[in-house]
Amino acid sequence: MNDCRCIPRLQGLIRLSREALLAIARVRQLMKPWPLLVGSLLACLCWLVEAAMLQGLYSAMGSNIDLGQAAVISTATSLGGGAVAAAGRPRHQ
């Protein structure tokens, strides 16, 4: 009787192992110099564009900040939003 219960668990473990090996292969592919460089440059470019847009928004509201301050504000709000999303929504009773 225990053999019948063990087979689905074993199949699930095999499937999980395959997925883990595929994920490791994908990470290994991304750690090659060229994709890593291109991905990092694109991320930096997006981060600078976001900071420039935030600087323009603050400038339109009459508060002049420089690009460095806008980058810090943008990064802090992104990290804060990520932390809240990772923690999940608070449950109210």
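Residues numbered from 1 in each chain as written. Predicted model: local features only at pLDDT ≥ 70, side-chain atom pairs only at ≥ 80, totals over all residues. Heavy atoms only, no water.

Attention shifts here to the overall build of the chain. The number of helices and strands found in the chain is 3 helices and 0 strands. In sequence order, the chain lays out its α and β elements as α-α-α. Looking at the 93 residues of the chain, the share that counts as buried comes to 6%. When the accessible surface of the chain is summed, it comes to about 8300 Å², and 68% of that surface belongs to carbon and sulfur atoms. (Helix = DSSP H or I, 4+ residues; strand = E, 2+ residues; numbered from the N terminus. Buried < 20%, exposed > 50% of the residue type's maximum accessible area, 1.4 Å probe, protein only. Areas by Shrake-Rupley, 256 points an atom, 1.4 Å probe, with all protein chains shown as cover.)

Bringing the packing of helix H2 (residues 33-60) against helix H3 (residues 67-87) into the picture now. Packing of H2 against H3 brings their axes to within 8 Å, and their N-to-C directions diverge by 110°. Compared by their axis directions, H2 and H3 come out roughly perpendicular. Facing Trp47, Glu50, Ala51, Ala52, Leu54, Gln55 and Tyr58 of H2, the residues of H3 in contact are Leu67, Ala70, Ala71, Ile73, Ser74, Thr75 and Ser78. (Axes fitted to C-alpha atoms, helices over the stretch in contact; angles between N-to-C directions. Parallel < 35°, antiparallel > 145°, perpendicular 65-115°, else oblique. Contact = heavy atoms within 4.5 Å.)

Helical periodicity: at 3.6 residues per turn, an α-helix aligns residues three or four positions apart in one direction. Compared with the 30 Å implied by 1.5 Å per residue over 21 residues, the 30 Å span of H3 between its first and last C-alpha is a close match. Among the residues making up H3, those that are buried are Ala70, Ala71 and Ser74. Buried residues of H3 fall within an arc of 100° about the axis and therefore sit on the same side. Looking at H3, the residues exposed on the side facing more than 90 degrees away from the buried face are Val72, Leu79, Val84 and Ala87. Elements that come into contact with the buried residues of H3 comprise H2. Following H3 by one or two positions, Gly88 has its phi on the positive side, about 90°. (Expected span 1.5 Å × (residues − 1). Arc of directions from axis to C-beta.)

The next thing to look at is a nonpolar patch on the surface. Among the surface-exposed residues, Trp34, Leu37, Val38, Leu41, Leu42, Leu45, Val49 and Met53 lie close enough to one another that they form a single nonpolar patch of about 830 Å² accessible area. Turning to its location among the elements, Leu37 is positioned in helix H2. (Patch = residues over 30% accessible without salt bridge, like charges linked within 9 Å, V, L, I, M, F, W, Y side chains within 5 Å. Salt bridge = Lys/Arg side-chain N within 4 Å of Asp/Glu carboxyl O.)

On to the side chain of Ser74. With respect to the secondary-structure elements, Ser74 resides in helix H3. Owing to a relative accessible area of 3%, Ser74 belongs among the buried residues under this scheme. Ser74 has contacts with Glu50 and Leu54, leaving out every residue within four places of it along the chain.

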